[in-house]
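Fold and contact review
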Amino acid sequence: MNRLAKLLRDGVLASTLAWCAAAFIFADVLLVARAGANPFKAVVIVNDLAITRYEVDQRILLMRSFGLTDFSEKRAISDLIDDRIRLGAAEEFGLSIDDATLEKHVSEFAARDGLDAGQLRDYVARRGVEPETLHDFVRAGVLWNQVVQARYGSSMRVSEGEIDSALSLGGGGETMVLISEIILLADNLGVEQTWEIARRLLGQIRSGSDFAEAARRFSAAQSGQDGGKLDWLAAGRLPPQVAAMILTLQPGQVAGPVQVTANTVGLFMLRDIRSGGNRPGTPASISYVRVSIPDGASDRNVREIVERSETCDDLKFSASKIDSQSISEEETAISEIPEELASVLVELDRHEARIYADEANAQAIYMVCGREVAVTESTRDEIRNSLYMQRLAGYGQSYLQRLRGNAYITYK
């Protein structure tokens, strides 16, 4: 008997978040009925479609049955407005799902916690949720995914250059990041299903406080006890696919999911970012320009060359006026570079120059042009998928906000 089955037997439900909400935890919380209130009275009109008091109460009960015990009426109304807009967009695209397909998605939703569709409906029913409320919730999410894919999916490509750029982590200078994490284990469900769970959770996170609450509830990492918060750390010391995603964010933004290890999937929020300090771990290879400094060259001329050179091309051009034979450009595995020189090069930012004297006291100007991190093809695929999903989610969120801005919304 799996963990969920045991918890169900004991009357307690706890598991990872499924699709777009939270874990199923026992939360015997019911809304107090509004005495004399008409449950089918409209509270909001969205593009001539009513959202009733009954629907709001049902959404609150549903989300609380999923474990969000502090899910508010304001949040329920906002989510229902978004669902109306999502369904309207699906209708414009000619998208729909029949009863059999919807049942399939409800079953997939339930299966992530070891339930079948009937058991899930029974569980939420015991907490006052009608089956149609659950079905509407699943339907809106499924159709919106189809809308975003139909509108943006075929036009979005992640180039090899973008992956290379992400892997380079912006150069050699260490970027320090302050992040929060939610780590979900894929031991029982498998990576693909856990990835989908994380993606749905991402759709429900709207603020830092939401992220912290989700981390406390669902993260398998020790940091979950502190709302997922980690101390300052070097981006270069993160797994490459995680760093590539985080470095595209602005503080306060959340992204993911990304496969962190073979059995974990993560969501990450960037809280702050800064450059400087120590440098990241050693790259696999590095490209650089070397300009030999001839005997008798004045320190002033050498300093001028360095100061005028903002890129490797600048350095080669400036040095060529003095002695074109003194210029060399190399791309070499770090393991093949003398240890002392390698320690100097890995400390440099991209397009940062330094004068270095070797063991024979021969001086030269070195400027780093780029570096590569050793990664497997599977890691490149992970980064590609991460960048694609992040971009798709961003387009989807922007599209939803644009549709919401154009919608006719009247509060009653």
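Residues numbered from 1 in each chain as written. Predicted model: local features only at pLDDT ≥ 70, side-chain atom pairs only at ≥ 80, totals over all residues. Heavy atoms only, no water.

So, about the overall build of the protein. The number of helices and strands found in the protein is 14 helices and eleven strands. Contacts in the protein between residues at least 24 apart in sequence constitute 72% of all its contacts with a sequence separation of at least 6. With the model as given, the accessible surface of the protein reaches about 20300 Å², and the carbon-plus-sulfur share is 48%. (Helix = DSSP H or I, 4+ residues; strand = E, 2+ residues; numbered from the N terminus. Contact = heavy atoms within 4.5 Å. Areas by Shrake-Rupley, 256 points an atom, 1.4 Å probe, with all protein chains shown as cover.)

Another point: the state of the cysteines. Scanning the model with the defined rule gives one disulfide in all. The residue that forms a disulfide with cysteine 312 is cysteine 369, at a sulfur-sulfur distance of 2.0 Å. With the S-S dihedral at roughly -115°, the linkage between cysteine 312 and cysteine 369 falls on the left-handed side. Of the two residues, cysteine 312 sits in helix α12 (residues 312-323) while cysteine 369 sits in strand β10 (residues 363-372), which places them 57 residues apart along the sequence. By relative accessible area, cysteine 312 is classed as buried at 5%. With a relative accessible area of 12%, cysteine 369 lands in the buried category. (Disulfide = S-S within 2.5 Å. Buried < 20%, exposed > 50% of the residue type's maximum accessible area, 1.4 Å probe, protein only.)

Applying the stated rule across the entire model yields 17 salt bridges. Notably, a salt bridge pairs aspartate 83 with arginine 59, separated by 2.7 Å at the nearest N-O pair. In this pair, aspartate 83 sits in helix α3 (residues 73-92) while arginine 59 sits in helix α2 (residues 53-65), placing the two residues 24 residues apart along the sequence. By relative accessible area, aspartate 83 is classed as buried at 9%. (Salt bridge = Lys/Arg side-chain N within 4 Å of Asp/Glu carboxyl O.)

Core analysis: the biggest nonpolar cluster contains 50 residues, and Ile51, Val56, Leu62, Phe66 and Val138 have the highest contact counts within it. At the level of secondary structure, the elements contributing two or more residues to this core comprise β1 (42-46), α2, α3, α4 (99-111), α5 (117-125), α6 (131-152) and α14 (377-406). The element that contributes the greatest number of residues to this core is α6, accounting for nine residues. (Core = buried A, V, L, I, M, F, W, Y, C linked by side-chain atoms within 4.5 Å.)

With respect to topology, three strands assemble into an open sheet ordered β2-β1-β11, the strand pairing being antiparallel. Only two strands of the sheet have a single neighbouring strand rather than two, namely β2 (49-52) and β11 (409-411). Averaged over all pairs of adjacent strands, the angle between their axes in this sheet comes to 20°, without regard to strand direction. (Pairing = 2+ DSSP bridges. Axes fitted to C-alpha atoms, helices over the stretch in contact; angles between N-to-C directions.)

On to α2. Look at α2: 18 Å from first C-alpha to last across 13 residues, which is about the 18 Å you get at 1.5 Å a residue. Burial in α2 covers these residues: Arg53, Val56, Asp57, Gln58, Arg59, Ile60, Leu61, Leu62, Met63, Arg64 and Ser65. For α2, the secondary structure elements touched by its buried residues are β1, β2, α3, α5, α6 and α8 (191-204). (Expected span 1.5 Å × (residues − 1).)

Okay, the packing of α2 against α6 next. Two elements in contact, α2 and α6, have axes whose closest approach is 10 Å; the angle formed by their N-to-C orientations is 80°. The pairing of α2 with α6 is recorded here as roughly perpendicular in orientation. Residues Gln58, Arg59, Leu62 and Met63 of α2 form the contact with α6, whose own contacting residues are Thr133, Leu134 and Phe137. Across the contact of α2 with α6, the residue classes break down as four nonpolar, two polar and one charged. (Parallel < 35°, antiparallel > 145°, perpendicular 65-115°, else oblique. Nonpolar A, V, L, I, M, F, W, Y, C, P; charged D, E, K, R; others polar.)

The subject of this paragraph is the sheet that holds strand β8 (residues 327-333). Read across the open sheet, the four strands follow the order β8-β7-β10-β9; overall the sheet is antiparallel. Edge positions in the sheet fall to β8 and β9 (353-357), since each of these pairs with one other strand and no more. Strand-to-strand twist in this sheet, taken as the mean axis angle between neighbours without regard to direction, amounts to 30°. Alignment of strand β7 (residues 285-292) against β10, held across eight bridges, turns out to be antiparallel. Pairing of arginine 290 across the sheet is with tyrosine 366, part of β10.

So, about the packing of aromatic side chains. Inspection of every chain in the model, using the stated rule, returns seven aromatic pairs. Considering the side-chain rings of tyrosine 152 and tyrosine 395, the 5.0 Å spacing of their centres and the 15° angle between planes classify their relative orientation as stacked. Highlighted residues: tyrosine 152 in helix α6 and tyrosine 395 in helix α14, separated in sequence by 243 residues. A residue is classified by how much of its surface remains accessible, and tyrosine 152, at 12% relative accessible area, is buried. Here tyrosine 395 falls in the partly exposed class, since its relative accessible area comes to 37%. Ring-pair connections join several aromatic residues into one group, and the members of that group are Trp144, Tyr152, Tyr395 and Tyr399. Over the face of the ring belonging to tyrosine 399 we find arginine 151, whose NZ or CZ atom lies 4.2 Å from the ring centre. (Phe/Tyr/Trp six-rings, centres within 6.5 Å; stacked < 30°, edge-to-face > 60°. Lys NZ or Arg CZ within 6 Å of the ring centre and 35° of its normal.)

Let us look at the packing of α4 against α5. In the contact formed by α4 and α5, the axes pass within 8 Å of each other and the chain directions differ by 75°. Here α4 lies roughly perpendicular to α5, going by the angle between them. Contacts between α4 and α5 involve Glu103, Val106, Ser107, Phe109 and Ala110 from the first element and Ala117, Leu120 and Arg121 from the second. Counted by class, the contact of α4 with α5 contains five nonpolar, one polar and two charged residues.

This part takes up the confidence of the model for the protein. A residue-level look at the protein finds 79% of positions with pLDDT of 70 or above and a mean pLDDT of 78. Helix α1 (residues 3-9) is the least confidently modelled element of the protein, averaging 36 in pLDDT, while β2 averages 94, the highest of any element. The low-confidence segment residues 169-173, where pLDDT is below 50, has 20 contacts with residues more than four positions distant or belonging to other chains. Here residues 276-281 is a poorly scored stretch, pLDDT under 50, and it has 19 contacts once near neighbours within four places are set aside; other chains count. (pLDDT = per-residue confidence, 0-100.)

Before going further, it helps to examine the side chain of serine 318. With respect to the element layout, serine 318 can be found in helix α12. Sequence-distant contacts of serine 318, that is, excluding residues within four places in its chain, are made with Ile305, Arg308 and Ser309.

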